[in-house]
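Summary of structural features
Listed here are the chains, written in short residue letters.
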Number of protein chains: 2
Amino acid sequence: MENYAFVKDRLYCPGPTPVPHASAVAALQTSVYHRTDLFREKFLYARKMLHPYFKSPEAPLILSCSGTGAMEAALVNLTNAGDKVLCLNGGKFGERWGKLARAYGCDTIIYEFPWGESPDLQKISALLSAHPDVKAVFFQANETSTGVAYPVREIASVIAANSKALIIVDAISALVAHALPMDEISIDCLLTGSQKGFGIPPGLAFIALSNRGWDSLSSRPRFYFDLRKEREGQVKGETAWTPATTLIESLIPSLELLGEQGVDGCDAHHKRLSLACQAAAKAMGLSLFSKSHHSQALTAIELPAGMDGSKLLKYCRTRFGTVFAGGQDHLKGKIVRLAHLGVVDELDLIGGIAALEMGLHKLGHSFPLGAGVAAAMTALNAAG
Amino acid sequence: MENYAFVKDRLYCPGPTPVPHASAVAALQTSVYHRTDLFREKFLYARKMLHPYFKSPEAPLILSCSGTGAMEAALVNLTNAGDKVLCLNGGKFGERWGKLARAYGCDTIIYEFPWGESPDLQKISALLSAHPDVKAVFFQANETSTGVAYPVREIASVIAANSKALIIVDAISALVAHALPMDEISIDCLLTGSQKGFGIPPGLAFIALSNRGWDSLSSRPRFYFDLRKEREGQVKGETAWTPATTLIESLIPSLELLGEQGVDGCDAHHKRLSLACQAAAKAMGLSLFSKSHHSQALTAIELPAGMDGSKLLKYCRTRFGTVFAGGQDHLKGKIVRLAHLGVVDELDLIGGIAALEMGLHKLGHSFPLGAGVAAAMTALNAAG
C-alpha cells in the first residue's frame, strides 16, 4: 500500500493489531542491555502485569518468537514422541496443532469439523472414551480463520470429565479479547503472541502452565524452547537467551493501558465491539460466517455471492488504508475478516466498517450506504 | 542504571549494540501487515541487502528468534540423533554448541581448549582422523566470552582436508565485524543475530546454508525452525510464521548504512577500532585476555590483580552510562569486555575507553590518566 498523504495505514487484520502510541515510542528505548538490574526489574514487571490475563499458578513465561513458537514449546515440553494426542481442527489454526503433533511423532487423532462451527462436545466425549490413553488435547480458544470462539470452559469440562488428558489451549488470537482464567477453567497450558490482544508488534509469545502441566514435562530433546530452563531464570528476571528487548519495552505501556480496564473490562470491551460489528454486517445484508460462538476478537463476514473478495480487500487498502484479512484456503475471496483485536477503540471499529461499506458499495453490493455504521453505533450506544 | 539528565546510556557490551537513529525510528512503523505486497517487497529487500555478508548461494533466511534459535535451527536441520559431531569449546559459547548437540542426542565429541586461546589446528586434524565418521563440526567464528576470533579460514581448511564433515559456524558476534565469505571459505552453515554486527535490537536471526548444507538436511522432527519450509516461502517474501515486523523495519536502514561501507569496509572499520582498543589497553598497563587472534568485535582486557571487576562495571555504568560486559564463569570480576561491534563510530570507542580509564583510576589502578585514549587516537590516526 502506498502511503498517500491523506490515507493512514490502519490494521483491521487479526494481528498484527494497532499499536498504542506509547508502546511504539517505548521501542525507541534501544540502549538496553538485558543483563542489568534495570532490565530485570522491567521484565519482572511485565510478567507481573501479564499474570492476570492467565490467572495461572505462576506468571507466564515470555519467549522471543511468534505464537507458533509457543505452540511448539507447548507440544514439545508436554508430550513425548508416540504419545496419543487429540487435536480439534475446525480451521487453519486447528490444522496447525495437528501438523505440529505429527511433525513431533505423536500418535495424532484429528477431530475435524466444518469451518465456521465449533466442536461437538458429545463427539469429544466419545473420542476420549474410545481412546482412554489420550495424553493431551490441543485446541484453539479462537479459530482465527473462521471467527469462531470455541466454548473453552465447556470443552475443558468435557475433557476433564472423560479423561486425564492435559488441556492445551492456543489463545493466540483469543486472549485479552476473551477472559480465559486458568484458575477457573482447567487449562494446563495457555499461550498467546504479542501482536494480538496485547496490541504490540510481533516477536514475543507468552505461555503459562498449570501445576499439573509443570508436573508433566516431557523427556524430549529441546533447547531454545526449554520451558523448565526459562522458568528457572525468569523468576529472577533473566531469560535463557537474549530477549527481544525493544518489544518488552513496548509491552509495558500496553499492559498499563489494558490494566486500567482489567481483564473483565477488556473482555466486555471486545464483546461490545464484536456485537456492534455483527450488527453492522447484518445491516449491510451480509451473513456471519460463524454459525454460533462468534469471536470477540474478529468477525468473519460472508461476501455477496459472486463478489471477488481480493478485489474488495485491495480497493479498501488502497483507497482507505484499511488492512482487512480475507479468507484462507477454500474461503479465499469468499469472506472478509474484520478484527477488533488489540488496543482498538470504538471509532477504530466504525472507521473499519465505513471503509468496508464503501468498498462493498463500490463493488456493486446493494444496500443503504451507512446502514452498517448506524447499526454499529446503535449497538455501541445500547451497550452503554 | 538511573537515567541521569547528563548521562546517556551507551552500550559497549557485545550485543545488544548501539542502534542507529534511523533504525530506531523505523520501528515506529507498526501498522504493518506481513501478508501484503509492500511487506513482501521490504522483506525481499532486507534479504538481498544481507546477502553480501554471507556470500552464500542464496540470500540468508530471516528467523524471528535470538541467535540461539538459529544455532538450534542449524543443529536440528543438519544433524540426526546419534550423528557423531565435533564441537570446539574455548569459552561460554563453544560450550553452548556442546550443550545443544547433547540435548538433541548427537554423539558429541568436545574439543575443549583454554579460554583465551584459539583451537589447535593439529588437534582438530587428529580428532577428525581418529573419528572419520564425524558428520559435522560446530564452532564459533568469534568466542564472545574471551574476545578470541578463531581463524575460521584455517579451521575450515583443516576440516575439509581431513573429513567430509559439514562446517557450521556461529558468527553471532563475528559477522560484519569480520568478513566471512561462504563462497571462499567452505562454510556449510553461517548464522548470526540482529543485535550484534547489524546493530539493531534483538529478536531476529539470519542463517545461510551452502548447497552441500541444503543437500544434507536431516530427518529430525522440527516445526518453528524448519529451514526447508522457511526457504520455500522466503524466496517469495513470505515467512512461515508471523515475523517480527518492526525489527525488519529497523533492519533496513541499518543495512543501508552498512552497505555504504561494503563488507570489506565494515571489516576494515572494526579492525581499526579493535587495534585502537588494544593499544589503549596496553597504554593503561593492562594485558589483553586473548593471547592471539584478537577479535574485531570486542576486546577482552585483564583487570589489575585484586580489583573487583563488578565494582568497576557498576561505577562506569552509574557515573558514565557505559555498559561494558564483565567476565563469565571463572572470569567473573577478572576481565572487562569492551565491544566495538555494531554501528559504532570512532568517538563511541574513545568515549568507552575514557570511561574505562576514569573508572580504573577511581578504583586505584595507577597509570597516566588519558594514556588509553591517546593511544587509541594515535592508532586511529595512523590507520588513516
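None of the values given here were measured: they were computed from a predicted structure.

Quick notes on the rules
Residues numbered from 1 in each chain as written. Chains lettered and ligands numbered in written order. Predicted model: local features only at pLDDT ≥ 70, side-chain atom pairs only at ≥ 80, totals over all residues. Heavy atoms only, no water. Pairing = 2+ DSSP bridges. Helix = DSSP H or I, 4+ residues; strand = E, 2+ residues; numbered from the N terminus. Axes fitted to C-alpha atoms, helices over the stretch in contact; angles between N-to-C directions. Least-squares fit on C-alpha atoms with pLDDT ≥ 70 in both. Contact = heavy atoms within 4.5 Å. Core = buried A, V, L, I, M, F, W, Y, C linked by side-chain atoms within 4.5 Å. Buried < 20%, exposed > 50% of the residue type's maximum accessible area, 1.4 Å probe, protein only. Domains from an automatic or database assignment. Buried area = accessible area lost by both parts, 1.4 Å probe. Salt bridge = Lys/Arg side-chain N within 4 Å of Asp/Glu carboxyl O. Nonpolar A, V, L, I, M, F, W, Y, C, P; charged D, E, K, R; others polar. Parallel < 35°, antiparallel > 145°, perpendicular 65-115°, else oblique. Left-handed = near helix turned anticlockwise from the far one by under 90°.

**Some remarks on the sheet that holds strand β4 (residues 107-112) of chain B**
All names here are of chain B.
- Strand order in the open sheet made by the seven strands is β2-β10-β9-β8-β5-β3-β4, with mixed pairing throughout. The open sheet has two free edges, formed respectively by β2 (61-63) and β4, since each of these has just one partner strand. Between one strand axis and the next, the sheet turns by 20 degrees as a mean value, whatever way the strands run.
- Here five bridges tie strand β5 (residues 136-140) to strand β8 (residues 166-170), and the two strands are oriented parallel to one another.

**A look at the relation of the copies chain A and chain B**
- With an RMSD of 0.0 Å, the operation that places chain A on chain B is a rotation of 180 degrees combined with a shift of 0.0 Å along the axis. The symmetry that links the two subunits is that of a two-fold axis. Among all residues of chain A, the one whose C-alpha sits closest to the rotation axis is Cys65 of chain A, at a distance of 2.6 Å.
- A share of 100% of the interface residues of chain A reappears at the interface of chain B, consistent with the copies meeting face to face through the same patch.

**Looking at the nonpolar core**
- Of all hydrophobic cores here, the largest spans 70 residues; its most connected members are Ile207 of chain A together with Ile207 of chain B.
- Look past the residues within four positions of Ile207 of chain A in its chain and what remains in contact with it is Pro60, Leu61, Leu63, Ala70, Ala73, Ala74, Cys189, Leu190, Leu191 and Leu227 of chain A.

**Side note on the domain arrangement of chain A**
Residue and element names in this part refer to chain A.
- In terms of domain boundaries, chain A breaks down into domain 1 (10-18 + 262-382) and domain 2 (21-253).
- Centre-to-centre separation of domain 1 and domain 2, based on C-alpha positions: 27 Å.
- Contacts between domain 1 and domain 2 engage 30 residues on the former and 27 residues on the latter.
- Carbon and sulfur atoms make up 59% of the area that domain 1 and domain 2 hide from each other, which totals about 2,200 Å².
- Looking only at domain 1, the three residues that lose the most surface to domain 2 are Val263, His293 and Gln328, adding up to 24% of its buried area.
- Linking domain 1 with domain 2 are one salt bridge.
- Residue Asp329 pairs with Lys92 through a salt bridge whose shortest N-O separation is 3.0 Å.
- Elements supplying a minimum of two residues to the side of domain 1 that touches domain 2: α9 (245-283), β11 (298-302) and β14 (335-339).
- The biggest single contributor to the side of domain 1 that touches domain 2 is α9, with five residues.
- Looking at the side of domain 1 that touches domain 2 residue by residue, the classes come out as 13 nonpolar, 12 polar and five charged.

**Re the pairing of strand β11 (residues 298-302) of chain B**
Residue and element names in this part refer to chain B.
- Within β11, four of the five residues are buried, which leaves the element mostly enclosed by the surrounding structure.
- Looking at chain direction, β11 and strand β14 (residues 335-339) are connected through five bridges and run antiparallel. By the bridge assignment for β14, Ala300 is matched with Arg337.

**With respect to the packing of helix α11 (residues 346-362) of chain B against helix α12 (residues 371-382) of chain B**
All names here are of chain B.
- Contact geometry for α11 and α12: axes closest at 8 Å, N-to-C directions at 160 degrees. Judged on the interaxial angle alone, α12 and α11 are roughly antiparallel. The element α11 and its partner α12 pack so that their crossing is right-handed. Contacts between α11 and α12 involve Glu346, Ile350, Ile353, Ala354 and Glu357 from the former and Ala371, Gly372, Val373, Ala376, Met377 and Leu380 from the latter.
- Looking at the contact of α11 with α12, its residues break down into eight nonpolar, one polar and two charged.

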